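Coordinates in review
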Amino acid sequence: MLNTYKNGNTGRIFCCLIMLIILVSPFMAVAEDVDVLVCPEGCGILISDLYISRELRRAGSDISWNPVPTGGYLYNLMEMGRNSKRWKNTIFAINDDTLSFGPGGGQKPFTKFITEPVNEKFRLLYGFYWGPTGHYFITLDPNLKSFSDLKGKKLGLGLTTQSDWGMNPTLDLEYGYGITSENTELSYLGPAKLGKPFLNGKIDAIVAALGTGPGFRDWLPSAIFWELKKSGKKLYYIGHDPGTGDKLNERLKTAYITLDIPAGTLPGQTEAIHTITDRDFKACHESFPDDLAYKIVMTVAKIGPKMKLNVGLWQTWSPEMMVAGLSEENASPGAVRAYKELGWWGLRKKW
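Quick look at the structure, then. Not measured: the values here are computed from a predicted model.

What counts and what doesn't
- Residues numbered from 1 in each chain as written.
- Predicted model: local features only at pLDDT ≥ 70, side-chain atom pairs only at ≥ 80, totals over all residues.
- Heavy atoms only, no water.
- Helix = DSSP H or I, 4+ residues; strand = E, 2+ residues; numbered from the N terminus.
- Contact = heavy atoms within 4.5 Å.
- Axes fitted to C-alpha atoms, helices over the stretch in contact; angles between N-to-C directions.
- Parallel < 35°, antiparallel > 145°, perpendicular 65-115°, else oblique.
- Left-handed = near helix turned anticlockwise from the far one by under 90°.
- Nonpolar A, V, L, I, M, F, W, Y, C, P; charged D, E, K, R; others polar.
- Pairing = 2+ DSSP bridges.
- Phe/Tyr/Trp six-rings, centres within 6.5 Å; stacked < 30°, edge-to-face > 60°.
- Buried < 20%, exposed > 50% of the residue type's maximum accessible area, 1.4 Å probe, protein only.
- 1 Å grid on protein atoms, 1.4 Å probe; cavity = no way out; pocket = protein on both sides within 12 Å on 5 of 7 lines; lining within 4 Å.
- Points joined across faces, edges and corners; volume = space filled by probe spheres on them.
- Salt bridge = Lys/Arg side-chain N within 4 Å of Asp/Glu carboxyl O.
- Core = buried A, V, L, I, M, F, W, Y, C linked by side-chain atoms within 4.5 Å.

**Considerations on the environment of leucine 194**
Mapped onto the elements, leucine 194 comes out in the loop between strand S7 (185-188) and helix H6 (195-199). With eleven residues separating them along the chain, leucine 194 and alanine 205 place their C-alpha atoms 9.6 Å apart. Those residues within four positions of leucine 194 in sequence are excluded, and the remaining contacts are Gly156, Leu157, Trp165, Leu189, Ile206, Val207 and Ile224.

Below, the structure is given as structure tokens:
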């Protein structure tokens with residue numbers, strides 16, 4: 001009798017547990033995995049996304065934010081163009097001009113960088129900085145004062161899978177100054193491998209990353225500047241000639257914004273650097289779920305101010321930064337809904 005009682009009691013408890021799970025399960029939060037295609041190991045954006053991932057885990061969020069190091073924005077563009085399995089659960093880092101170049105993939109002048117056409121439609125989620133990256137050079141030679149002086153020199157660039165570090169300077173040199181791989185040595189070494197040969201004198205000039213935002217008030221230099229500054233060597237900076245931005249916009253159908261990097265922004269910088277910038281965003285495929293896009297924007301809007309207070313992270317964050325360049329036509333409907341609820345949608349008109 002005792003054993004029969006125990007077995008019967010256990011059965012009733014088991015049935016109750018099953019019923020409880022059935023009743024509660026519709027209300028339980030299910031974690032939504034979001035892969036975030038970013039950039040190579042060591043890049044600033046990746047560090048920021050790792051921070052977001054950690055904060056969401058600490059908060060017990062129902063979004064699982066999974067930063068994925070990649071070859072760069074060009075890799076992201078082609079991966080999202082060809083891999084339909086990513087469209088429902090992946091967002092990616094990109095800039096506005098690179099998105100516009102997608103359909104021209106496989107054709108000059110993009111053959112080295114975008115090897116095939118990308119005709120999928122994508123939507124923007126939020127801006128995280130504006131990038132003058134690749135639109136200025138650093139040198140140890142005081143005699144190199146302009147882009148034209150770089151002809152015939154040894155130049156260190158990023159990877160060919162990187163739009164800012166690799167493609168931007170290549171296009172700037174060719175379409176702004178007639179400098180190509182036929183008359184100048186262009187070495188696509190990648191960010192992590194530029195510092196040493198530059199400081200050893202094996203490369204005459206290099207590019208580096210830099211972020212800013214609307215109003216050009218805040219600046220976010222890349223990690224390579226710590227290495228350059230630590231060397232103690234005198235650095236010289238080479239900006240664009242006036243009018244080059246307009247020339248590039250006309251010839252490449254880009255939307256570059258002209259700006260001056262104020263003196264003192266970068267190590268040893270004694271004069272303003274005249275250059276151009278594009279806008280960097282997190283984007284998604286047009287089929288990405290609107291509700292998830294909404295949650296992502298609301299989440300980043302909450303974490304952004306905290307990241308701004310952490311040195312070395314998202315110093316360019318602001319509500320204006322997140323919405324600058326967005327419109328009803330190019331943004332995810334879920335993102336638009338989030339910004340309207342936040343009261344930020346009108347801020348985009350200023351930029």
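Here the narrative resumes.
**A look at the packing of helix H9 (residues 290-308) against helix H11 (residues 333-342)**
At a closest axis distance of 7 Å, the pairing of H9 and H11 adopts a crossing angle of 40 degrees. In terms of axis orientation, H9 runs oblique to H11. Here the hand of the crossing between H9 and H11 comes out right-handed. On the side of H9, the interface is formed by Asp290, Asp291, Ala293, Tyr294, Val297, Met298 and Ala301, while H11 contributes Pro333, Gly334, Ala335, Arg337, Ala338, Tyr339, Glu341 and Leu342. A class-by-class count of the residues in the contact of H9 with H11 yields ten nonpolar, one polar and four charged.

**Thoughts on the sheet that holds strand S11 (residues 236-238)**
Sheet strands associate in pairs through backbone hydrogen bonding, adopting either a parallel or an antiparallel arrangement. Strand order in the open sheet formed by five strands is S7-S6-S8-S5-S11, with mixed pairing between adjacent strands. Each edge of the open sheet is held by one strand with a lone partner, namely S7 and S11. Pairing analysis gives four bridges linking strand S6 (residues 154-157) to S7, with the strands arranged parallel. For leucine 157, the partnering residue across the bridge sits in S7 and is tyrosine 188. Across the face of the sheet, helix H5 (residues 163-177) comes into contact with strand S5 (137-139), S6 and S7 while running at roughly 140 degrees to S6.

**Considerations on the packing of aromatic side chains**
The relation between two aromatic rings is expressed through the spacing of the ring centres and the mutual angle of the planes. A complete count under the given rule lists ten aromatic pairs for this structure. When the centroid spacing of 6.1 Å and the interplanar angle of 45 degrees are considered together, the rings of tyrosine 126 and tryptophan 314 count as tilted. With tyrosine 126 in strand S4 (residues 122-131) and tryptophan 314 in the loop between H9 and helix H10 (319-323), this residue pair connects regions lying 188 residues apart in the sequence. Neither residue differs from the other here; tyrosine 126 and tryptophan 314 are each classed as buried.

**What to know about the layout of surface pockets**
Considered as a void within the structure, the second largest pocket measures approximately 340 Å³ in volume. No other element matches S11, which puts three residues into the lining of the second largest pocket.

**Section: the pattern of salt bridges**
A complete count under the given rule lists 13 salt bridges for this structure. In this structure, lysine 295 engages glutamate 32 in a salt bridge whose closest nitrogen and oxygen atoms are separated by 2.4 Å. Pair noted here: lysine 295 is in helix H9 and glutamate 32 is in strand S1 (residues 32-37), with a separation of 263 residues, a long-range link. Taking relative accessible area as the criterion, lysine 295 reaches 24% and is therefore assigned partly exposed. Judged by its relative accessible area of 28%, glutamate 32 is partly exposed. The salt bridge involving lysine 108 is made with glutamate 174; its shortest N-O contact spans 3.3 Å. Of this pair, lysine 108 sits in the loop between helix H4 (96-101) and S4 while glutamate 174 sits in helix H5, placing them 66 residues apart in sequence. The exposed category is assigned to lysine 108, whose relative accessible area is 62%. Residue class for glutamate 174 comes out partly exposed when judged on its relative accessible area of 24%. Each of the salt bridges in this network shares a partner with another, and the network as a whole consists of Glu32, Asp62 and Lys295.

**Points about the nonpolar core**
Counting 71 residues, the largest nonpolar core has Trp65, Ile91, Ile114, Tyr126, Ile296, Met322 and Tyr339 as its most contacted members. Sorting elements by how many residues they give to this core places H9 first, with nine residues. In contact with isoleucine 296, not counting residues within four places along its chain, are Val34, Ile63, Trp65, Ile91, Tyr126 and Phe288. Counting residues in hydrophobic clusters, the runner-up holds 34 residues, among them Tyr136, Leu144, Ala205 and Tyr237.

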